[in-house]
Structures are given as C-alpha cells and as structure tokens.
Amino acid sequence: MATFARPYVVSWNLTYRCNLACEHCYLDAGGKPLVDTENFADRSELSTAECFEVVDQLAAFAPEAVTILTGGEPLLRRDILEIARYASEKGLWVVVGTNGVKITANLAQLLKDNGVRGMALSLDATDRNRHDAFRKVRGAFENTCHGARILAESGLPFIVQTTVGLHNASELRALAALAHGELGATVWNLYFLVQSGRGQFVTDLDPQRYDAVLQDLHDIQREYQGRMVVNAKCAPHAVRTLYERDPQSPLLRTYADGAGGCPAGTHYMGIRPNGDMTPCPYLPAFAGNVRAERIADVWNESPLFKDVRRRDELGGRCGACEFSTACSGCRARAWATTGGNLLAEDPLCSYEPGAHPEARVLLKPALSYGQPAQASLAWEPEAEARMKKIPAFVRGMVVKAVEDRCRKDGLSLVTTAALDEIRARMPVKPPFATR
C-alpha cells in the first residue's frame, strides 16, 4: 500500500439538497430524511470559502486528482461554477456527478468554460415510469435523457451510472444500448448496492442473482469492447467472473496493476457536505473534518484510514480467497452488514475460495496504478500533450503501455499516429477523453 500515498480520486458531496428523492440514496439526500443516526445528523454544508480551502489542500496533497463534485444535486449550489473553476485552475481533474435533470445547452457550455472535464448521469431503467418511481419524481427520466443528449451535442463527455436491483436486473442489455446507442455515453458504470443511507431500506439481490448479473455484464463488456467502457462498481469480485470466463482478457490487467479492487482508503476518499472525511462515500464512518483537520493528516494518520488498508488481515472468505490481492471485497458493504467490521468478508460474493489457486500469483498486483509517468522514449510534442489529457492516476500506466507497444513495433519515437493506432487496438477507451 506504499504506492497509495495519496488519493487519486476524491468523491466530494457538496450538498444534501436534491431535486429527486431516490430510494437508494447513500447520502439520504432530497425529500424527507429517513436516516436519523448520529453519522447523518450534521447536514450543514461548507461555504464557498471553505470549499476553496479544500481545493487548495487537495491541489497541494493530491495534484491532478480526479475530483468528483456531486451531491445530492451539485447543480443546486449557486457557487458550483465558482468551485469547479477554482478547482480546475488549481490543476484538479474536475468531474460533476448529477442526475442530469437541470442540464441545459447554456449550462453545459458554462460547465465546459469553467473547467469541467466530464459529467456522470444517473439512469436506472429504460422505462420512464419505473425510473421515475425509483427516483421518486415524475418526469425525471425524460429530463435526464434530454440532459444527456444536450451533453452529447455540446461535446462534453459523460458517463451513465446505473444501480442494479430488482427493478432493472432483467434489462441490463437494454440499458447499455440506451446509454451508448441513443444517448452517446462513453462509459456505463453498473453499481452494486451498498446498504448505506436510504440504501439500507432497499431490498437487494441475493449473491446468486448478482453472480448472474456479473455474467451478463461480462457479455456486455465484450459486446461493447472498443466502443463503450463497461464497469462493475462496488463489486470488485467481478474479477473472479472475468478470470473464469476469459483468463486472457486484457481487462484483467486493471486488477493485476492494482486498480481493480476496492479503492476505499487506498487511492480513493470521500468528503461529505459538512466536511466529514471517509475512505469511501458509501461508508458513513468518519476520520475527521476538513474544518478541523488537514486532509493529508487524516489520510496519513487516522486510525480509520489505516484500518481499511489492512487488506492482508481480511476475515472470512475474503481473507482465505486467492483473488484477495486483486479484489479484497467491498469494504463499505462489509462494514454495513456487520455493524462496523471493515475487514469482514463481502457478503455479496458467493465464491468459496480454493477453486483457482493459481490466481493468487497471476493476479498479484504490480501496483503500477498511480505511478508517475516516466518516459524512456522520445515523444512528439503533440503526442506528449495528448498524454496530459489522461487522468494523472493512470497516466503512468498508459505511458508505459504505449512505449512497450512502440518498442514491439520497432519505433523509437512516440507519434500521434502511433497513439491513434494503439488506441484503435484498445479493448476499452479512457473515460472523459476527448480524443
């Protein structure tokens, strides 16, 4: 874990306010609050000046970190453009997570002008009535789809995010087709429910049904290979499905490079609207508050962050599993279902360890994820500039892969033509990339 000396992705909930009231919301945002526990009691929000101070700390401690400005609905904050612009000017990689309801052509242009690199929109059904019922507001489906089309026309890259459950598990292919074909998404992320916030009151799929979902997802990944990135989120045990179905899959490299498992507290952190800091936004356990502690101190010294990194001490099946170095299970789900044990087994996984002992060696992380870019070949200035458009946390991996490919092709100079050819061979395209 020495490689993960800083966060590379920060999910920052800016507000509890929301124009929807989704039944699975981990933040319990929008509508009437349903969670009355102590860790949801403080629903205050950082001021603009306090947000600027957070940006200053992140820029100093985690330069170029992907910073997801989300909520609630972040577009309800009147200072959202100020925060986005300030973060972008400080070198952070700004993404906005929204339900898409408020997107207009003018707002899309303003977001681009203020440094936003991409958007993430939530869509949970192909049928407007079921989506609206899940989101608790009539018209949400039409507004979100309309917002996605506006983003596509504006050239602002976006991803579509779906939470899988009883309401949509049978229509995943149709959702992928809607996201890519009709809306033009570059990435489709399928989220597996974590019992946090209002999500603790939602009926979840059982592990066997989730296994079936992962099988479907693998088929969808292959179907959209090279056209749309398809990811399983909060389900690191997807690596086992991928390994069993296609042990030669290039997608396994993300796991072997240390980027595929649960990222909580290793290269990912969350900040709540009131400034509480957590290893994962789905984990309502806090290590400190930005109003009182510095982000770097919490990341480096807090017992909570140190505990969640003890992946060699996992309990139950996760501890015994040969996939543990590449997976490690969802730590937030373990915490939620055991009443606070960060290192317990992930109950969503049905796998009994031992069937693939060779995986422990083959999938042992090389930990190149997060490594700085270190070029050893000559690069055209235009090719070098294009690398700057890739998020910093994967740039080192990409530079290494590009140079390895160029060497195999007998090239001593990395050109834009070489980059185009390499990208055409890629099984997935990088999210939020403009080229």
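This text gives an overview of the structure that appears in the document. Not measured: the values here are computed from a predicted model. (Residues numbered from 1 in each chain as written. Predicted model: local features only at pLDDT ≥ 70, side-chain atom pairs only at ≥ 80, totals over all residues. Heavy atoms only, no water.)

This brings us to the overall build of the protein. The helix and strand tally for the protein stands at 17 helices and 12 strands. Computed over its C-alpha atoms, the radius of gyration of the protein comes to 21 Å, within 12% of the 22 Å expected for a compact globule of 435 residues. A principal-axis box enclosing the C-alpha atoms of the protein has dimensions of 60 × 50 × 45 Å. Relative to all contacts within the protein whose residues are 6 or more apart in sequence, the contacts with residues 24 or more apart total 73%. Roughly 17900 Å² of accessible area belongs to the protein as shown, and the carbon and sulfur atoms make up 51% of that amount. (Helix = DSSP H or I, 4+ residues; strand = E, 2+ residues; numbered from the N terminus. Rg over C-alpha atoms; globule rule 2.2 N^0.38 Å. Contact = heavy atoms within 4.5 Å. Areas by Shrake-Rupley, 256 points an atom, 1.4 Å probe, with all protein chains shown as cover.)

Here the focus is the packing of helix α6 (residues 172-182) against helix α7 (residues 207-223). Contact pair α6 / α7: the axes reach a minimum separation of 10 Å and the direction vectors enclose 35°. Relative to α7, the crossing made by α6 is right-handed. Taken together, the residues of α7 that come into contact with α6 (itself represented by L172, R173 and A176) are V213, D216, D219, I220 and E223. When its residues are assigned to classes, the contact of α6 with α7 shows four nonpolar, no polar and four charged. (Axes fitted to C-alpha atoms, helices over the stretch in contact; angles between N-to-C directions. Left-handed = near helix turned anticlockwise from the far one by under 90°. Nonpolar A, V, L, I, M, F, W, Y, C, P; charged D, E, K, R; others polar.)

What follows covers the nonpolar core. Of all hydrophobic cores here, the largest spans 85 residues; its most connected members are W188 and F192. Beyond its immediate chain neighbours, meaning those up to four positions away, W188 contacts V160, T162, L172, L175, A176, A179, L217, I220, M228, V229, V230 and N231. Listed in part, the 19 residues of the second largest apolar core include Y191, C234, C280 and L283. (Core = buried A, V, L, I, M, F, W, Y, C linked by side-chain atoms within 4.5 Å. Buried < 20%, exposed > 50% of the residue type's maximum accessible area, 1.4 Å probe, protein only.)

To continue, consider the pattern of salt bridges. Counted by the stated rule, this structure contains 29 salt bridges. Between D307 and R310 there is a salt bridge, with its nearest N and O atoms 3.0 Å apart. For D307, a relative accessible area of 30% translates into the label partly exposed. On the accessibility criterion, R310 (31% relative accessible area) is partly exposed. Each of R17, E45, R77 and D79 takes part in one network of salt bridges that share partners. (Salt bridge = Lys/Arg side-chain N within 4 Å of Asp/Glu carboxyl O.)

Here we come to the environment of V10. Summarising the element assignment, V10 is placed in strand β1 (residues 9-13). Taking the C-alpha atoms as reference, V10 lies 30 Å from V361; in sequence the two are 351 residues apart. Apart from residues no more than four positions distant in its own chain, V10 is found in contact with L58, V66, T67, I68, M269 and I271.

We now examine the packing of aromatic side chains. Counting across every chain of the model gives seven aromatic pairs. Seen in terms of ring centroids, F323 and Y351 are 5.6 Å apart; in terms of plane orientation they differ by 75°. Their pairing is edge-to-face. Of this pair, F323 sits in the loop between α12 (316-320) and α13 (331-338) while Y351 sits in the loop between α13 and α14 (359-362); the two residues are 28 residues apart in sequence, bridging distant segments of the chain. Each member of the pair F323 and Y351 is classed as buried. A network of ring pairs unites the aromatic residues Y26, Y191 and Y282 as a single cluster. Here the basic side chain of R43 rests over the ring of Y16, its NZ or CZ set 5.1 Å away from the ring centre. (Phe/Tyr/Trp six-rings, centres within 6.5 Å; stacked < 30°, edge-to-face > 60°. Lys NZ or Arg CZ within 6 Å of the ring centre and 35° of its normal.)

Looking only at helix α2 (residues 80-89), the buried set comprises I80, I83, A84, Y86 and A87. In a view along the axis of α2, the buried residues occupy a sector of 165°, so they form one face of it. Buried residues in α2 make contact with α1 (48-61), β2 (66-70) and β3 (93-98). Looking one or two places after α2, you find G91, whose phi comes out positive at around 95°. (Arc of directions from axis to C-beta.)

Counting buried positions over the five residues of strand β4 (residues 118-122) gives five, a clear majority of the element. Here β4 shows two buried faces, one formed by G118, A120 and S122 and the other by M119 and L121. As paired elements, β4 and strand β5 (residues 158-164) share four bridges and run parallel to each other. Bridged to A120 within β5 is I159. (Pairing = 2+ DSSP bridges.)

When you tally the buried positions in helix α8 (residues 238-245), you get six out of eight residues, the bulk of the element. Of all the residues in α8, the buried ones are A238, V239, R240, T241, L242 and Y243.

Further remarks concern the pairing of strand β8 (residues 268-271). A two-sided burial pattern is seen for β8, the buried positions comprising Y268 and G270 on one face and M269 and I271 on the other. In this sheet, β8 lies alongside β1 in parallel orientation, the contact comprising four bridges. Looking at β8, one finds that V10 is bridged to M269. The loop that links β8 with its antiparallel partner strand β9 (residues 276-278) comprises four residues; one of these, G275, has a positive phi angle of about 100°.

The omega angle of the peptide bond from G71 to G72 is 15°, so this bond is cis rather than trans. Following the sequence through the fold, G72 ends up in the loop between β2 and α2. For E64, which is not glycine, the phi dihedral falls at a positive 65°. You can see E64 is positioned in the loop between α1 and β2. Phi at S328 takes a positive value of approximately 70°, unusual for a residue other than glycine. Secondary-structure assignment places S328 in the loop between α12 and α13. According to the relative accessible area criterion, S328 is buried, its value standing at 6%.

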